[in-house]
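# Structural features, examined
Residue-level listing of the chains:
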Amino acid sequence: MPTIMYTVRPGDTLWNIAKRYNTTVNDIARYNGIANPDELEVGQMLRIFVPEEPSMPEVPEWYVTREGDSLYSIAKRFGTTVDELVALNNIRNPDLILPRRALRIRP
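This one's a predicted model, so the numbers in the text were calculated from it and none came from an experiment.

### Digging into the environment of Val42
Take Val42: it is sitting in the loop between α2 (25–32) and β2 (45–49). Ignoring sequence-local partners within four residues, the contact set of Val42 consists of Val8, Arg9 and Pro10.

In structure tokens:
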């Protein structure tokens, strides 16, 4: 069974990670020695056994920005580029991203 290493991101739960990789919360917790599945830390590395190669989650059409977001982090998260986000959203200053702004991620 293939193994991947997954880095916990803000907003992640074991449930949504397990769903993404077609496994269970119990399996992820057991493989990683997690006693309390509700206590994940951003940046924590998880070993996940997957039944097959994971498919990329569907990229949403829109994303609402949050405090601390940058175009670089958003582009990296959704497999696109800063230039593409700038073009799709007519952004004049790519260094100024305000929270709660709806950004188009894909055409």
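So much for the structure itself; the text now carries on.
### A closer look at the nonpolar core
Counting 13 residues, the largest nonpolar core has Leu14, Ile17, Tyr21, Ile28, Leu46 and Ile48 as the members making the most contacts within it. Contributing elements (two or more residues each) for this core: β1 (3–7), α1 (14–20), α2 and β2. It is α1 that provides the largest number of residues to this core, a total of 3 residues. Setting aside its immediate chain neighbours within four residues, Ile48 contacts Pro2, Thr3, Ile4, Tyr6, Ile17, Tyr21, Thr23 and Ile28. Membership of the second largest hydrophobic core comes to 10 residues, among which are Tyr63, Leu85, Ile97 and Ile105.

### Here we look at the pairing of β2
Of the two faces of β2, only the one carrying Leu46 and Ile48 is buried; Met45, Arg47 and Phe49 on the other face are not. Alignment of β1 against β2, held across 5 bridges, turns out to be antiparallel. Counterpart to Thr7 in the pairing with β2 is Met45.

### Section: helix α3 (residues 71–78)
The complete set of buried residues in α3 reads Leu71, Ile74, Ala75 and Phe78. Down the axis, α3 shows its buried residues gathered within 100° of arc, on one side only. Among the exposed residues of α3, those pointing more than 90 degrees away from its buried face are Tyr72 and Lys76. Close packing links the buried residues of α3 with β3 (62–64), α4 (82–89) and β4 (102–104). Following α3 by one or two positions, Gly79 adopts a phi angle in the positive range, close to 70°.

### Some words on the pattern of salt bridges
Enumeration according to the criterion identifies 2 salt bridges in this entry. Here Arg30 ties to Asp27 by a salt bridge, and the two come within 2.6 Å at their closest N and O atoms. Residue Arg30 and its partner Asp27 are located together in helix α2, separated by 3 residues, close to a single helical turn. For Arg30, a relative accessible area of 55% gives the class exposed. The salt bridge partner of Glu61 is Arg104, with a shortest N-O separation of 2.6 Å.

### Let's talk about unusual backbone geometry
Even without a glycine there, the phi angle at Asn90 is positive, about 50°. Structurally, Asn90 can be placed in the loop between α4 and β4. Phi angles above zero are rare outside glycine, and Arg100 is one such case at about 70°. Within the secondary structure layout, Arg100 lies in the loop between α4 and β4. Arg100 gets classed as exposed once you look at its relative accessible area, which sits at 71%.

Definitions and limits used
Residues numbered from 1 in each chain as written. Predicted model: local features only at pLDDT ≥ 70, side-chain atom pairs only at ≥ 80, totals over all residues. Heavy atoms only, no water. Helix = DSSP H or I, 4+ residues; strand = E, 2+ residues; numbered from the N terminus. Contact = heavy atoms within 4.5 Å. Core = buried A, V, L, I, M, F, W, Y, C linked by side-chain atoms within 4.5 Å. Buried < 20%, exposed > 50% of the residue type's maximum accessible area, 1.4 Å probe, protein only. Pairing = 2+ DSSP bridges. Arc of directions from axis to C-beta. Salt bridge = Lys/Arg side-chain N within 4 Å of Asp/Glu carboxyl O.

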